[in-house]
Amino acid sequence: MAPRRMVTGFVTALVLAVLTALVPATAASAASVVVTGKISGPTTIVAGGTTTVAATYTKGGAKVPKATVELQKYSAGRWIDAAPVSIVNGSGSRLIYPKGTTSYRIRNYDSSAVSSTFKVTQAPSGFTIHGSGYGHGVGMAQYGAYQLARTKHSSATILRVYYPGTAVSRLTTPTDIAVQVFGPEPYGYAPGRYSDEKTSTSVTISGGGWRLRSASGSTLASGTGSTTIQLSTTSTRVTAKVGSRTYSDSLLRIHWSGTRYYATSGSKAIATVAGAQGTYRNGRFTIRPRSGKVNVVNDVLLNTEYLYGIAEMPSSWGTSSLSALAAQAITARSYAMTKAWKSACACNVVDDVRDQNYTGWRKEGEGTSGYYGKIWVHAVDATALGRTAAKALTYRGAPVVAHYFSSSGGRTVNSQDAWASTIPFEQSVDDHWSLEAPGNSMASWTRTLSQSSARTLFGLADVKRVWVSKTSSGGTMLALTAESAAGSRRTISGKSDALRSTVGAATTEGNLPAAWIRSIG
């Protein structure tokens, strides 16, 4: 009986061997065929960008010497072949051009092996910032004042709207004010950002007579007709060259005819300074060395001559009502009254946005035959009561530093939200007037933030979206948040005017008109 059992066992084993050879590969054996896929380049790209897919292919743990696998992408609810990937010695790669956020996988020739899914995310190539308004947002909105004037409101009413708790008062004022029109930085800004850091310049007098005077008041030279005086400095002295003659002193003054300083009834000459933004009919020039640089100051009457040259509001706004212009004149005077004399510039104020924009005769004489300039002068004169008395904006009886700006996004801003200090009369008020004023091109504007700039600004690998995450009571941004494709978030925050500068510097245009942001998309 034993031999029969041995034969039977042998036959059974033989049959099983044959059947095993004929049966297809089991799941276990099929699993030995493996493909993988991943993004070896950037996993987040911008529109039109490229990245790289890497694939591997093994059988039974061994690298496939040479083959082609298929890159598939998921589209319209199904997987479709996108591109072949050549495999050499078990691996291969391919540059791809995704059209938007896309999921991919790798399959072998018969789909017996399929990789896990991997994804490329497309981030926006940039963001469009939609905003409104122009300026820091504190105090009087000039376009709002214009609209209030157009709707028959007085200058006093305009000022009460924008500076709650203040009053328009008749005050005794200084007679003169010294305006730096050319010279070194007195306020601590980076030299050259606003200032004129020069050791030489020139003054040209045209249309009348002139004279050059020493520090003691002696006349050094004089003449008529168009004349250019070359100026230069050392650390302690200023030198003037007229023709072939040279004059030097610790201080020099230039007078021209038609002013209260020289030939009052004579021809009204015009003075210009090379590199200065204005032209000058009123006052005189006092030239000193400051930090080794040429420093030119225009000495003028505060209540009239200085304000005649303030170029902060279009004179044409006074063709039907002087109210807005008068309100501007009062705020400009009030601001100037608070400014003490500074040794760094031998001046009370400078001639640009560090204080107030002063262009002298360029403003006073604007328009054909000075048509618009005369409107502005009329508005200034309506607020002046003499050389030492005028209307000024006061709070608790004292003149105030009255800030103003072009237009808002619907409300003004608390001073402490824009800057640091809380100014009781410069708190947020309704300003729908700015949005209603004709000609306000900044009622709506856009700026562009590129993907690259957004990544740098927020410190993220990529930026999928950006939004205003905190606002002031006046509606300006106090914080911006960005989110990456992976969900990481970063927030930048600060006072609205500082944040405006930070974000503005990152835009393609290099600036942000205001901190009222409506949307970012």
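Not measured: the values here are computed from a predicted model.

**Some details on the state of the cysteines**
And step 1. Across all of its chains, the model carries 1 disulfide by this definition.
And step 2. Put simply, Cys345 and Cys347 are joined by a disulfide, and their sulfur atoms are 1.9 Å apart. Linking Cys345 and Cys347, the disulfide has an S-S dihedral of approximately -75° and is accordingly described as left-handed. For the pair Cys345 and Cys347, one class covers both residues: buried.

**Things to note about the sheet that holds strand β16 (residues 219-224)**
And step 1. Within the open sheet, the 7 strands sit side by side as β16-β15-β20-β23-β24-β13-β25. Their pairing is mixed. Strands with a single pairing partner mark the edges of an open sheet, and in this sheet they are β16 and β25 (349-350).
And step 2. With 6 bridges connecting them, strand β13 (residues 176-182) and strand β24 (residues 293-301) associate as antiparallel partners. Looking at the pairing, Val179 lines up with Asn298 of β24.

**Looking at the pattern of salt bridges**
And step 1. For the structure on display, the rule yields 11 salt bridges.
And step 2. A salt bridge links Arg260 to Asp176, with the nearest nitrogen and oxygen atoms 2.6 Å apart. With Arg260 in the loop between β20 (252-256) and β21 (270-273) and Asp176 in strand β13, this pair connects stretches of sequence that are 84 residues apart.
And step 3. A relative accessible area of 27% places Arg260 in the partly exposed class.
And step 4. In this structure, the salt-bridge partner of Arg284 is Asp299, at a minimum N-O distance of 3.1 Å. Taken together, the residues span a long stretch of sequence, with Arg284 in strand β23 (residues 284-290) and Asp299 in strand β24 at a distance of 15 residues.
And step 5. Accessibility expressed as a relative area gives 18% for Arg284, which makes it buried.
And step 6. Take Asp299: its relative accessible area is 12%, and that puts it in the buried class.
And step 7. Members of the salt-bridge network, linked through shared partners, are Asp176, Arg260 and Glu305.

Reading the values: rules and limits
- Residues numbered from 1 in each chain as written.
- Predicted model: local features only at pLDDT ≥ 70, side-chain atom pairs only at ≥ 80, totals over all residues.
- Heavy atoms only, no water.
- Disulfide = S-S within 2.5 Å.
- Buried < 20%, exposed > 50% of the residue type's maximum accessible area, 1.4 Å probe, protein only.
- Pairing = 2+ DSSP bridges.
- Helix = DSSP H or I, 4+ residues; strand = E, 2+ residues; numbered from the N terminus.
- Salt bridge = Lys/Arg side-chain N within 4 Å of Asp/Glu carboxyl O.

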